[in-house]
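# Topology and contacts: notes
Here is how the chains run, residue by residue.
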Amino acid sequence: MMQHLPILQVLLPLLAAPFAALLRGRELAWGLTFLTTGAAFLISIALFLEQRALGTTLVYELGNWAAPIGIVYVIDAASALVLPVISGIGFIATLAARQLVAAEIDRRDHGLFYAAWLLTIAGMLGQVTTGDAFNIFVFLEISSLSAYALVAMGSGRDRRALPAAFNYLILGTVGATFYVIGIGLLYMLTGTLNLADLAERLPQVEETRAAFTAMAFIALGLFLKMALFPLHFWLVPAYAHAPSAVTALMASTATKVSVYVLIRLIFGVFGIEFPGLVDGVGLLVLTLGIAGAFVGTLAAIVETDLKKLFAQSSIAQLGYMAIGIGAMSATGLAAAFLHLFNHALMKGALFLAIGMIAAQAGRATMGTLQGAGKQIPITMTAILFGGLALIGVPLTAGFISKVYLIRALLEQDFWLLAGLTFVSSALALAYVWKIIEAAWLRPRPEGAPELSETPSQYMPAWIMVIATLGFGIYATPLVDAAFAAAHVFIPATVGAP
Amino acid sequence: MSAETLIYMLLGLPLLASALVLLFRHQPNLRDGQAVGLGVVSAWAAFQLYLLPTGASVTLVALAPGLTLSFTPEPLGKLFALVAGTLWPLATLYTIGYMRGAKEKNHTRFMFFYAIAIHATMGIALSGNLLTLFVFYEMLTFSTYPLVTHKGDEAALKAGRVYLGILVSSSIVFLLFGVIGVWALAGTLDFVSGGILAGKIDPFYVPALLALFAFGIGKAALMPLHRWLPAAMVAPTPVSALLHAVAVVKAGVFTVLKVSVYIFGIDFLQQTGGSDWLVWAASFSILAASIVAMTKTNLKARLAYSTVSQLGYIVMGAALATPLAASGAALHIAAHGAGKITLFFCAGAIYVAHHLTDIKDMNGLGRTMPITYGAFALAALSIMGVPPLAGAWSKFMLMGGALDNGYLVVLGVLMVSSLLNLVYLGEIILRGFFASPSHKWDGVQEAPLAMLIPLSITALLSLLLFFTVDFLMIDFGG
């Protein structure tokens, strides 16, 4: 049983999806999804612990066909760290979905909703576990296609979900196509699709233009999927008009998986030595990352719709992950992994809390929040903590990723960049402050809709808040795991954690 | 009692007090009495800790490698803990008198956050590294916000916005960057005698890094980041006393001093000249704030600007980067603490007894409130630096430090500032005792005893501190 965990991780949600579609009655479909995501979460924890304990790479050969003929699933320090993020968020979001989906989705569609929900989670888990470049594409499409459907399901409440989903579909498909073109070129050059095999054979052809083109296509395709500035325009409407539960799930996981795949391909296949990587891709990612950090933060400051506000902030936060990647060092990658992890927690908390408000009031805007600190103090406190974590205040998880990001930049003597990164992250104070001011420092306007909160409504968000604080107060194991993940791609040369 | 126990006591007693405040919210006398009692215990604990040799350390939790929450009292921190610990029970006693005398509402909430603020101050005083200090620094900001906006009216909320806005944004934008920068450079944030940055940073960047701290620590109210302090004057007077003497601004200048002594290191600053610019910035702050103070006729506003000016002395002591100047600055934390708390206590007593806030209305009031005015005069003279009062020593040592460093200009700045002090504080005393009364007051009308006792004690402290300077002086090596 234990040795089959890598495949079960993906297969379980994948197989449960059609059953969810068949189940009538919303409680049954939800129950199946809840159990499945719960099991997937447990599996990912088990895999993480096993990998950390053994310290080696666990390889699972599908049908006992050894690589490079067969497809392998690989659990190394990097994938072991990302899997619990996806499955964990998937589990907590499912917990919250029960109420959110009941409020926002037509009763008859619940079965289909949860089927798409499970498929998108399965697709993301597959992208992380598989050791095969084409397999990544397949899972990418599974998760994306079901995500388009999930976003479009917001149309019952908000017609704008349809154009948003269509936009998302077009751009997502372009990104996936770019990726597959790059993989095609690599296959042409090397005759293999296995990632480890690719990494071995690429140095023989690394001077060719085709190899460089492949890298460019893959990177560009993934930039689109991870919503790196300026390829981020699909993200804000998709997040803003999707059903609240979908926003919470996707904001914490979808783009993160693409960040992971980018790291996996760029560092794991091409490798840091690949010509043009550090000066070309590295510099590009660094520049786009810092630009995205500013653009996203500034756009968030002027935004009044809360889902859009935090979607813009996600653009900025993805910028920080890009900066970590662009630093092209072990510390930088560790910072990217840390932020991938931490940001999933805080954005999950924020979108779950906002989703609860949106489900009640129809929308969540600054106006809805006015004076809400007295009516729904527990939910608003969750939003406050999430916001503080986004700024990177000490004792929240955001602080940990921030210090390592700044350290990665200072290690390379990027003083100016470190300063800019810091300034943009501190600017997040402006939009968090707007929320504090609206919720606590202003009275509730006359005639504003009555908001309420029950434990089952705020609990999912608070689980994430507690995780955010927990990983902010005691982050040592996480920091170790992030450095282990980074060292998969860049061996330890400079400084321990 | 071991130093570790005393650390836990100093941190825990205010928390206990705040919990008991909530518990006894329906029994006002018990609620307020226990806070004074615990305050006296914590004063005793601070005194015991001050007597013990340094070296004790308590670590609560390690966030990540090199990032811990820990407490390591060093001489400067112990001095600040002693100041805060001694003034806390007096301020609490005074608060009781004021809140009841001025008929303020929501006593329980007020007493609760007052105790939390003291807890945060103790955390700052005893912090063993910059991260711990930062956490408690922010806690102090947030715990004092409900105190500043206690009245809850439009003016209070507006002032609260300025207060929170400046303190939070300066600390998050500059101070946190400085903290992370130090960690990235030195790999540690511990306060170490002699500093941790020597050899870790290009001297070219030292002034910039110091600027992140000097302006990031908004609580030090270095101009132009002083706006929050006068704005916060809308708060009840015990809060003003807390802000000015015990907690907030003292925490600010304490942090500046602590960072320059234990993070940068006096010698390192001296060698690199990284703090030269700060001497000028502090000089500007000292003089400009004194001049603004002369234009204010609202008593609390005048005292507020006087505080901004006096804080400049302590920042100056840090900037001069000589052992003597640093000792003078440390001493000034205590001297100004005793002096300024007395002045604010007097301002509150005047308000409670006669509902007066404007200096022009206080002609002849000294004959009606002889004890209050006597205390006021004593404290004002101490702040002007007149011997035999506490302020004389610190000013004297700062001047010595300036001479050591060759800054003759600073001597001039300090003298002019003393003269300005004489003008704007002297005016109040002269009006009180010698001007013809602006109202018909018959006989002596003093504030309640719960206010008179603390203000008399703190006034006498100014005198006492002059003679016990040996006990309080910290030797920063030389």
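Residues numbered from 1 in each chain as written. Chains lettered and ligands numbered in written order. Predicted model: local features only at pLDDT ≥ 70, side-chain atom pairs only at ≥ 80, totals over all residues.

This brings us to the overall build of chain B. A tally of regular secondary structure across chain B gives 20 helices and two strands. Against the 2.2 N^0.38 benchmark of 23 Å for 478 residues, chain B shows a C-alpha radius of gyration of 21 Å, consistent with a compact globule. Reported as C-alpha extents along the three principal axes, the dimensions of chain B are approximately 70 × 55 × 45 Å. In chain B, once contacts between residues fewer than 6 apart in sequence are set aside, the share between residues at least 24 apart is 81%. (Helix = DSSP H or I, 4+ residues; strand = E, 2+ residues; numbered from the N terminus. Rg over C-alpha atoms; globule rule 2.2 N^0.38 Å. Contact = placed C-beta atoms within 7 Å.)

A few words now on the overall build of chain A. Tallying secondary structure elements over chain A gives 20 helices and two strands in all. Relative to the 2.2 N^0.38 estimate, which gives 23 Å for 497 residues, the radius of gyration of chain A is 21 Å and therefore close to what a compact globule would have. Over its C-alpha atoms, taken along the principal directions, chain A stretches across nearly 70 × 55 × 40 Å. Scored against the burial criterion, the 497 residues of chain A give a buried share of 62%. Put simply, of all contacts in chain A between residues at least 6 apart along the chain, 80% involve residues at least 24 apart. (Buried ≥ 20, exposed ≤ 12 C-beta atoms within 10 Å, placed from the backbone.)

With that out of the way, let us pick up the interface of chain A and chain B. Taken together, the contact between chain A and chain B spans 19 residues of the former and 18 residues of the latter. Of all the secondary-structure elements, those providing two or more residues to the side of chain A that touches chain B are α17 (397-411), α18 (415-440) and α20 (476-489) of chain A. If one sorts the elements of the side of chain A that touches chain B by residue count, α17 of chain A sits on top with six residues. Its residues placed into classes, the side of chain A that touches chain B shows 16 nonpolar, one polar and two charged. (Nonpolar A, V, L, I, M, F, W, Y, C, P; charged D, E, K, R; others polar.)

Take the packing of helix α13 (residues 330-361) of chain A against helix α19 (residues 455-473) of chain A next. Geometry of a packed helix pair, given as the angle between the helix axes and the separation of the axes. Residue and element names in this part refer to chain A. Across the interface, α13 lies against α19 with an axial gap of 8 Å and an inter-helix angle of 155°. In terms of orientation, α13 lies roughly antiparallel with respect to α19. Considering how the two elements wind past one another, α13 and α19 form a crossing that is left-handed. Packed against α13, whose contacting residues are Asn-342, Leu-345, Met-346, Gly-348, Ala-349, Leu-352, Ala-353 and Met-356, the element α19 presents Gln-457, Tyr-458, Pro-460, Ala-461, Met-464, Val-465, Ala-467, Thr-468 and Phe-471 at the interface. When the residues that make up the contact of α13 with α19 are grouped by side-chain class, the tally is 13 nonpolar, four polar and no charged. (Axes fitted to C-alpha atoms, helices over the stretch in contact; angles between N-to-C directions. Parallel < 35°, antiparallel > 145°, perpendicular 65-115°, else oblique. Left-handed = near helix turned anticlockwise from the far one by under 90°.)

Turning to the pairing of strand β1 (residues 58-64) of chain B, a few remarks are in order. Residues and elements named next belong to chain B. Both β1 and strand β2 (residues 67-71) contribute to a ladder of five bridges, which runs antiparallel. Each residue of the ladder has a partner; that of Val-61, found in β2, is Leu-69. The turn joining β1 and β2, which pair antiparallel and follow one another in sequence, is formed by two residues; a positive phi near 85° is taken by Gly-66. (Pairing = 2+ DSSP bridges.)

This part takes up helix α4 (residues 110-129) of chain A. Between the first and last C-alpha of α4 of chain A there are 28 Å, a value that for 20 residues agrees with the 28 Å anticipated at 1.5 Å per step. In terms of burial, α4 of chain A is largely enclosed, as 19 of its 20 residues are buried. (Expected span 1.5 Å × (residues − 1).)

All names here are of chain B. Between helix α2 (residues 28-51) and helix α4 (residues 107-126), the least distance of the axes is 11 Å, while the angle of their chain directions is 15°. The angle between α2 and α4 places the two elements in the roughly parallel class. Remark: the crossing between α2 and α4 carries left-handed chirality. Contacts from Pro-28, Arg-31, Asp-32 and Ala-35 of α2 reach α4 at His-107, Thr-108, Met-111 and Ala-115.

With that out of the way, let us pick up the environment of Leu-49 of chain A. With respect to the helices and strands, the residue Leu-49 of chain A is situated in helix α2 (residues 26-54). Remark: the alpha-carbon pair of Leu-49 of chain A and Tyr-73 of chain A, spanning 24 residues in sequence, is separated by 17 Å.

Attention shifts here to the confidence of the model for chain B. Across chain B, the average pLDDT comes to 86, with 99% of residues at 70 or higher. The complex prediction reports pTM at 0.86, with the ipTM value standing at 0.79. (pLDDT = per-residue confidence, 0-100.)

Right, let's get into α2 of chain B. Residue and element names in this part refer to chain B. In this model, α2 (24 residues) spans 35 Å end to end at C-alpha, consistent with the 34 Å of a helix rising 1.5 Å per residue. Arg-31, Asp-32, Ala-35, Val-36, Leu-38, Gly-39, Ser-42, Ala-43, Ala-45, Ala-46 and Leu-49 are the residues of α2 that are buried. Of the surrounding elements, those touching the buried residues of α2 are α1 (3-23), α3 (75-101) and α4.

With that settled, consider unusual backbone geometry. Note the cis peptide between Phe-229 of chain A and Pro-230 of chain A, where omega equals 0°. A cis geometry characterises the amide bond from Met-223 of chain B onward to Pro-224 of chain B, with omega recorded as 10°. Note on placement: Pro-224 of chain B falls in the loop between α7 (206-216) and α8 (228-231). Residue Ala-221 of chain B is not a glycine yet carries a positive backbone phi of 55°. The topology assignment puts Ala-221 of chain B in the loop between α7 and α8.

A word on the environment of Leu-378 of chain B. Residue and element names in this part refer to chain B. With respect to the helices and strands, the residue Leu-378 is situated in helix α16 (residues 370-384). On a C-alpha basis, the gap between Leu-378 and Leu-210 in space is 36 Å, while along the polypeptide they are 168 residues apart. Excluding residues within four positions of it along the chain, Leu-378 makes contact with Leu-389, Ala-459, Ser-462 and Leu-463.

As a further point, take the environment of Thr-357 of chain B. Position of Thr-357 of chain B relative to the elements: it lies in the loop between α14 (323-354) and α15 (365-368). Among the residues examined, Thr-357 of chain B registers 17 C-beta atoms within 10 Å and is labelled partly exposed.

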